[in-house]
Amino acid sequence: MARHKKTIKGAELFCRSLVKEGVTYLFGYTGGAIMPVYDAFPKFPQLKHIMVRHEQAAAFAAQGVARASGKPGVCIATSGPGATNLMTGIADAHLDSIPIVAITGQVATSVIGTDAFQESDIIGMLVPVTKQSYILDDPYEIPRVVKEAFYLANTGRKGPVIIDLPKDIANAVIPDDGFDATIRYPVLPPPGIGKDQVAHAQRLMASSERPIVFVGHGVIQSGAQGEVRRFLEKSNMPFSCTLHGISALPGDHPQYLGMMGMHGTVEANRAIENADLIIALGMRFDDRVTGKLDEYAKDADVIHVEHDPSEINKNVRATVPIYSDLKPAVVEMTKVVGHKPYKKWYAFAAENRRYWEGIDPVNQGNSRGDKQNPLMGTVIRKLSDLTDGRDNVVSDVGQHQMFAARYYQFNRFNTWFNSGGLGSMGFSVPAAMGVKYTRPKERVWVIVGDGSFQMNIQELGTIMEQNIDIKILLLNNNFLGMVRQWQDLFHGSRFIGTPVKNPDFIALASAYGISGERVTAEKSLEPALRRAMKHKGAYLVEIVTDMDEMIMPMIPAGSRFSDMRVTR
Amino acid sequence: MRQKKLHTILAFAHNQPGVLYKLLSLIRKKRYNVETITVGHTHVEGISRMTISFSHGEGNKIEQIVQQIAKITADFYEQEAVMFYLLSEKVFIRHFGGKK
Ligand SMILES: Cc1ncc(C[n+]2csc(CCOP(=O)(O)OP(=O)(O)O)c2C)c(N)n1
């Protein structure tokens, strides 16, 4: 009697490996080279494929899953144009350290390198913006490569990993045993904080009169918010968040000075300018945070805790460089830090806050001249009040993003999602889809400008097909507002390439079966937002805002903190 | 013309397609110029040795690229201990442990 060995197809082995990694949602778009994998999906009901309308959106949706769940999100595309369409979303994940696994079909191994139909050297193109990349040229390697890809994406400093799967490997039929899925290159944990460093930090903290703690994306990604909060409350030091640190700790915390950097609050930036000690936790001193480096926080010693050593001493030299995971380092520092009232220091911050509140247009009543359009800041503040700062907010890129960061009071952990490093317009709608799949019971808002909305507007099709319940708040100033602001301030108000002739967005949404309404006066704002909140299913609220509104304060790119502008 | 500073890096990595490309891509991204490059086998099977010298304008940013190259090559290391350091100036020495 012949003994029949069980066999398996490469594509099925691939899907089975994805299931083992706990994958539920894959966002993608099919095509010739990836078809074998799609063909295997019905055998794996645990895998739910969401067909998007453009591969870029698949990469952003995968990011939405990753940002909301802390686990790798997955996107999948065919070879050639499918793969190249993923690139922006992957580059974005790289700069924001978001764990995603991108799967691309590839032409058969026999024709790789011959400019075959729909061949693109996607690995070659993505090397600078991926953490690791694999081309599968042996079906036996599938289980190990998939396992390693998920492991690397989500270990240490997180980031995107790509797996390129040639069609013949996906179609190969092999005996279903003898796989070795051992991870070849385990990542070593950082060395952690040393005794000398604790002692040095202790001395600096003990003598500091004007300290400030920086809360970065790392605090959210490592789940160190509890440890950081204990450190802050024991020491009574004020803190400020980076754009991605927002929502790590409650926005109403009494020690919170608001966001730092180019569009940060007056109180945070003035505190940084005058600080004698900066304790930077899980952040990388991006140029939007520092402005002119030579003049940055000149009087401050810097204690920098980072788990990626290439970020330490990159832009700002650390007095105490601590190459460590956040939690253990913060715990050690908490043990040795003392409590101080910092009376004068907090009084200084309060004075700066009052100063800004006195000139903030949002506090000036809303209308300028005879215009009745609501201000962006007013809209966001209203949304924040109505939702008690507890909803998920996914923003796009532009003025509306900075207004959302500044005027929504994030009171719940990890509820703020946006593209910071790459600043990719088109991020919000697809990313919000991923957030919604991850948190189906929670409300998810998209905050988007008219320019950004049209960069992935085709995803209204996905929202329609899948009944994805996201609320879209479109702040329509009929301009590429953020660029207009720069033109206004630095280019003699020459508005070149920034006015936008827009479609009827409400009619467009309705073509996709999505309800919505347009708001032009402040008095209609609250009822519209309430209707959006009550509505079952996706809803579009378009708010017509003034094109000449500016997000202030602003530290112009490459300038000193003392050059901060507070009015136009 | 600005005085260019020459740096030499010795790195060990797995002998696999794409490793050298990754290193050079990083050097190119920073707009440093490769002056010489030698790649060959080591006595350990499957491990290659690369000596790369490159020049760039300012001397103070070298630490970052060293750390970044260390990150790349680290992905490929599993041998008991592999050294990685700068030959021209002793900025940084690091050992990558194996599985233990
Ligand atoms: C893909 C992409 N292209 C161009 C830019 C440059 N850019 C940054 S903000 C911005 C304007 C955004 O306009 P809009 O979405 O209408 O938002 P607003 O600033 O008006 O709130 C542009 C063009 C970018 N960030 N991303």
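Residues numbered from 1 in each chain as written. Chains lettered and ligands numbered in written order. Predicted model: local features only at pLDDT ≥ 70, side-chain atom pairs only at ≥ 80, totals over all residues. Heavy atoms only, no water.

(A) Summary view of the state of the cysteines. Per the counting criterion, the structure on display carries zero disulfides over all chains. Note on Cys15 of chain A: no disulfide assigned, nearest cysteine sulfur contributed by Cys75 of chain A at a separation of 15 Å. (Disulfide = S-S within 2.5 Å.)

(B) Quick look at the packing of helix H1 (residues 10-20) of chain A against helix H7 (residues 142-153) of chain A. Residue and element names in this part refer to chain A. The interhelical angle for the contact between H1 and H7, taken along N-to-C directions, is 35°, at an axis separation of 9 Å. For the pair H1 and H7, the crossing hand works out as right-handed. Mapping the contact onto sequence places Gly10, Leu13, Phe14, Ser17 and Leu18 in H1 and Ile142, Pro143, Val146 and Phe150 in H7. Grouping the constituent residues of the contact of H1 with H7 by class yields seven nonpolar, two polar and no charged. (Axes fitted to C-alpha atoms, helices over the stretch in contact; angles between N-to-C directions. Helix = DSSP H or I, 4+ residues; strand = E, 2+ residues; numbered from the N terminus. Left-handed = near helix turned anticlockwise from the far one by under 90°. Contact = heavy atoms within 4.5 Å. Nonpolar A, V, L, I, M, F, W, Y, C, P; charged D, E, K, R; others polar.)

(C) Region of the structure containing the site of the ligand. Residue and element names in this part refer to chain A. Inspection of the region around the ligand gives 18 residues, with Gln399, His400, Gly423, Ser452 and Gly481 positioned closest. Gln399 has a polar backbone atom sitting 2.8 Å from an oxygen atom of the ligand. The separation between an oxygen atom of the ligand and a polar main-chain atom of Gly481 is 2.8 Å. If the ligand stood free it would expose 590 Å²; the protein chains cover 77% of that surface. Among the residues forming the shell around the ligand, the class breakdown is eight nonpolar, nine polar and one charged. (Near = heavy atom within 4 Å. Polar contact = N/O pair within 3.5 Å; in protein donor to acceptor, adjacent residues only side chain to side chain. Areas by Shrake-Rupley, 256 points an atom, 1.4 Å probe, with all protein chains shown as cover.)

(D) Expanded view of helix H12 (residues 266-274) of chain A. Along H12 of chain A, the positions that sit buried rather than exposed are Val266, Glu267, Ala268, Asn269, Ala271 and Ile272 of chain A. Buried-residue contacts for H12 of chain A involve strand S9 (211-215), strand S10 (239-241), strand S11 (256-259), strand S12 (277-281) and helix H15 (343-359) of chain A. (Buried < 20%, exposed > 50% of the residue type's maximum accessible area, 1.4 Å probe, protein only.)

(E) The arrangement of the confidence of the model for chain B in detail. Residues and elements named next belong to chain B. Overall, the predicted model of chain B reaches an average pLDDT of 67, with 63% of residues at or above 70. Least confident of the elements in chain B is strand S5 (residues 93-97), whose mean pLDDT is 36; most confident is strand S2 (residues 33-41), at 90. Of the regions scoring below 50 in pLDDT, residues 74-100 engages in 85 contacts with residues more than four places distant in sequence or in other chains. Both scores are available for the predicted complex, with the pTM at 0.94 and the ipTM at 0.81. (pLDDT = per-residue confidence, 0-100.)

(F) Quick look at the sheet that holds strand S14 (residues 320-323) of chain A. Residue and element names in this part refer to chain A. With parallel pairing, the six strands of this open sheet are ordered in space as S11-S10-S9-S12-S13-S14. For this open sheet the edge positions go to S11 and S14, each flanked by a neighbour on one side alone. Here the strands of the sheet are splayed against their neighbours by 15° on average, with no regard to which way each runs. Where S10 lies against S11, two bridges are found, and the strand directions are parallel. (Pairing = 2+ DSSP bridges.)

(G) Region of interest: the sheet that holds strand S2 (residues 25-28) of chain A. All names here are of chain A. Spatial ordering of the open sheet is given by S3-S2-S4-S5-S7-S6, a layout of six strands whose pairing is parallel. If you trace the sheet from one side to the other, it starts and ends with strand S3 (48-51) and strand S6 (132-135), each paired once. On average, each strand axis in the sheet is inclined to that of its neighbour by 20°, with strand direction left out of account. The strands touched by H7 are strand S4 (73-77), strand S5 (100-106), S6 and strand S7 (161-166); relative to S7, the strand with the most contacts, the crossing angle is about 160°.

(H) Spotlight on the pattern of salt bridges. All names here are of chain A. Enumeration according to the criterion identifies 30 salt bridges over all chains in this entry. Here Glu273 ties to Arg270 by a salt bridge, and the two come within 3.5 Å at their closest N and O atoms. Taken together, the residues Glu273 and Arg270, both in helix H12 and three residues apart, mark about one turn of the helix. Residue Arg270 is classed as partly exposed on the basis of its relative accessible area, which comes to 22%. A salt bridge links Glu295 to Lys292; the nearest nitrogen and oxygen atoms lie 3.8 Å apart. On the basis of relative accessibility, which here comes to 30%, the residue Glu295 falls in the partly exposed class. (Salt bridge = Lys/Arg side-chain N within 4 Å of Asp/Glu carboxyl O.)

(I) Spatial organisation of empty space enclosed by the protein. All names here are of chain A. By the definition in use, this model includes one cavity of 30 Å³ or more. Put simply, the largest cavity is a space of about 60 Å³. Taken together, Gly261, Met262, Asp287, Arg288, Val289, Gly291, Ile555, Pro556, Ala557, Gly558 and Phe561 form the lining of the largest cavity. Its residues assigned to classes, the lining of the largest cavity comprises six nonpolar, three polar and two charged. When residues of the lining of the largest cavity are assigned to domains, at least three fall in each of domain 2 (195-352) and domain 3 (368-557). (1 Å grid on protein atoms, 1.4 Å probe; cavity = no way out; pocket = protein on both sides within 12 Å on 5 of 7 lines; lining within 4 Å. Points joined across faces, edges and corners; volume = space filled by probe spheres on them. Domains from an automatic or database assignment.)

(J) Inspection of the packing of helix H3 (residues 55-69) of chain A against helix H18 (residues 428-438) of chain A at higher detail. Residues and elements named next belong to chain A. In the contact formed by H3 and H18, the axes pass within 6 Å of each other and the chain directions differ by 40°. What the angle tells us is that H3 and H18 run oblique. Crossing of H3 against H18: the hand is right-handed. Contacts between H3 and H18 involve Ala57, Phe60, Ala61, Gly64, Val65, Ala68 and Ser69 from the former and Pro430, Ala431, Met433, Gly434, Val435 and Thr438 from the latter. Here the residues of the contact of H3 with H18 sort into nine nonpolar, four polar and no charged. (Parallel < 35°, antiparallel > 145°, perpendicular 65-115°, else oblique.)

(K) Fine view of the packing of aromatic side chains. Residue and element names in this part refer to chain A. As enumerated under the stated definition, the model contains 17 aromatic pairs over all chains in all. Here Trp486 and Phe490 contribute two aromatic rings whose centre-to-centre distance is 5.7 Å and whose plane-to-plane angle is 80°, an arrangement assigned as edge-to-face. With a gap of four residues between them, Trp486 and Phe490 both fall in helix H21 (residues 481-490), about one helical turn apart. A relative accessible area of 28% places Trp486 in the partly exposed class. Residue classification places Phe490 among the partly exposed residues on the basis of a relative accessible area of 34%. By way of ring pairs, the aromatic residues Phe214, Phe285, Tyr296 and Phe561 are connected into one cluster. A cation sits over an aromatic face here: Arg484 above Phe479, 4.5 Å from the ring centre. For the cation-ring pair, Arg484 lies above Phe495, with the distance from its terminal atom to the ring centre recorded as 4.0 Å. (Phe/Tyr/Trp six-rings, centres within 6.5 Å; stacked < 30°, edge-to-face > 60°. Lys NZ or Arg CZ within 6 Å of the ring centre and 35° of its normal.)

(L) Expanded view of the side chain of Asn456 of chain A. Residues and elements named next belong to chain A. Note on placement: Asn456 falls in the loop between helix H19 (450-453) and helix H20 (460-466). A polar contact is formed between the side chain of Asn456 and the backbone oxygen of Gly426, at a distance of 2.7 Å. Not counting chain neighbours up to four residues away, the residues in contact with Asn456 comprise Gln56, Ala57, Phe60, Gly426 and Pro430.

(M) Local environment of the nonpolar core. All names here are of chain A. Of all hydrophobic cores here, the largest spans 98 residues; its most connected members are Met205, Phe214, Ile278, Ile279, Tyr296 and Ile303. When residues of this core are assigned to domains, at least three map to each of domain 2 (195-352) and domain 3 (368-557). Here Phe214 is in contact with Ser240, Met260, Ile272, Ile278, Ile279, Ala280, Leu281, Met283, Phe285 and Tyr296, once residues within four sequence places are set aside. Formed by 52 residues, the second largest nonpolar core is a distinct cluster that contains Val52, Ala93, Tyr437 and Ile470. (Core = buried A, V, L, I, M, F, W, Y, C linked by side-chain atoms within 4.5 Å.)

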